[in-house]
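# Descriptive analysis of the structure
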Amino acid sequence: MTEPAEVPQPLVLVAFPAGDPPLHGVALVTLNRPKALNALSYALLDELDAVLEALDADTECRAIVITGSGSRAFAAGADVRELAVETTDSLHAADPFAVVDRVGRLATPTIAAVRGFALGGGAELAMACDMLVAGDDAKFGQPEIAIGVIPGAGGTQRLARAIGRVRAMDLVLTGRQFDAAEAERLGLVTTVVPAAETLERALQLAAKVASMPALAAAAAKAAVRATEELPIDEGLRYERDRFEALFGTDDQREGMIAFLEKRPAVWRHR
């Protein structure tokens, strides 16, 4: 009698968790390779890309929390076994880490909930999110230089924009790890919380974001993100265009009428 074949587990889990207060509109995305410290294999990245694309298109999803399975790691980096056999041409053709760049371009706000290691590609994925809730057991780092390469999923660019050039130089050129307290001092994380509360606090933050009018939230995210790319004059015009475009939406009318009538607004997310 043969043993039944083991059913492969999804590398990325998706849930719409319940909560008190309710977590309406919040999706929880979990990287699910706990035995490998949630290392970012190509297969996992492909699944993550598909999951995020689907959630971004779902009008019922208004905030996304990304976390790692277990308490030991958010993601301990890329899968070095896969990278070790690559060439310049094969990496350029496959571009396996493009999903990390796409995280920042999602219309839906994203929050990383980080416990344990967030190293290399894991740190880059966390930094690509709009906000980052770190447990006090979190460890960050860009250790790529120790294996003969450099960060390749935004680690030099996002890190320097978040904490400044000279601090980013220190971390990228030494490859050293740093804890949540230092990450907070550097301005890399939104908040540091007790480790056991990390996911709960990230979900609460996501619920607050999801309770806001969705079109305004998407416009606000896009405008803040534009500061990374546009000169101030162009950024101000970008902001003004999105501000003006919200007038005439159902939620703009409802929000202003509710304010004048001194009552809570009832959002339709349109």
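Calculation rules
Sequence order sets the numbering: in each chain, residues are counted from 1 along the sequence as written. At least 70 in pLDDT is required for a residue's local features to be given in this predicted model, at least 80 for side-chain atom pairs to be given and counted, and no such filter applies to totals for whole chains, interfaces and linings, which use all residues. With hydrogens and water stripped out, all remaining heavy atoms of the structure feed into the side-chain values. Criterion for a salt bridge: a side-chain nitrogen of Lys or Arg within 4 Å of a carboxyl oxygen of Asp or Glu. Numbering of helices and strands starts at the N terminus; helices are DSSP runs of H or I of at least 4 residues and strands are runs of E of at least 2. We define the nonpolar core as a collection of buried residues of types Ala, Val, Leu, Ile, Met, Phe, Trp, Tyr and Cys that are connected through side-chain atoms lying within 4.5 Å of one another. Relative accessibility under 20% of the residue-type maximum defines a buried residue, over 50% an exposed one, and the middle range a partly exposed one, all with a 1.4 Å probe and only protein chains included. Pairs of residues are marked as contacts when any of their non-hydrogen atoms sit within 4.5 Å.

## Side note on the pattern of salt bridges
Applying the stated criterion to the full structure yields 15 salt bridges. For the salt bridge of Arg253 with Asp250, the shortest nitrogen-to-oxygen distance reads 2.7 Å. With Arg253 and Asp250 both in helix α12 (residues 250-260) and three residues apart, the pair spans about one turn of that helix. Linked by salt bridges that have partners in common, Asp130, Lys221 and Arg225 make up one network.

## Considerations on the nonpolar core
Formed by 47 residues in total, the largest nonpolar core has its most connected members in Val29, Phe74, Val114 and Phe140. Sorting elements by how many residues they give to this core places helix α1 (residues 42-57) first, with seven residues. If we ignore the near neighbours within four places in the chain, the residues touching Phe140 are Val114, Ala118, Leu119, Leu132, Ala134, Arg176, Gln177, Phe178, Asp179, Ala180, Ala183 and Val189. The next biggest cluster of nonpolar side chains, apart from the first, holds 15 residues, and it includes Ile111, Val193, Ala202 and Val209.

## Some thoughts on unusual backbone geometry
Look at Asn38: it is not a glycine, yet its phi comes out positive at around 60°. If you trace the backbone, Asn38 turns up in the loop between β2 (26-31) and α1. The class of Asn38 is buried, set by a relative accessible area of 0%. The backbone phi angle of His269 is positive, close to 60°, even though this residue is not glycine. The topology assignment puts His269 in the segment after α12. The class for His269 is partly exposed, based on a relative accessible area of 24%.

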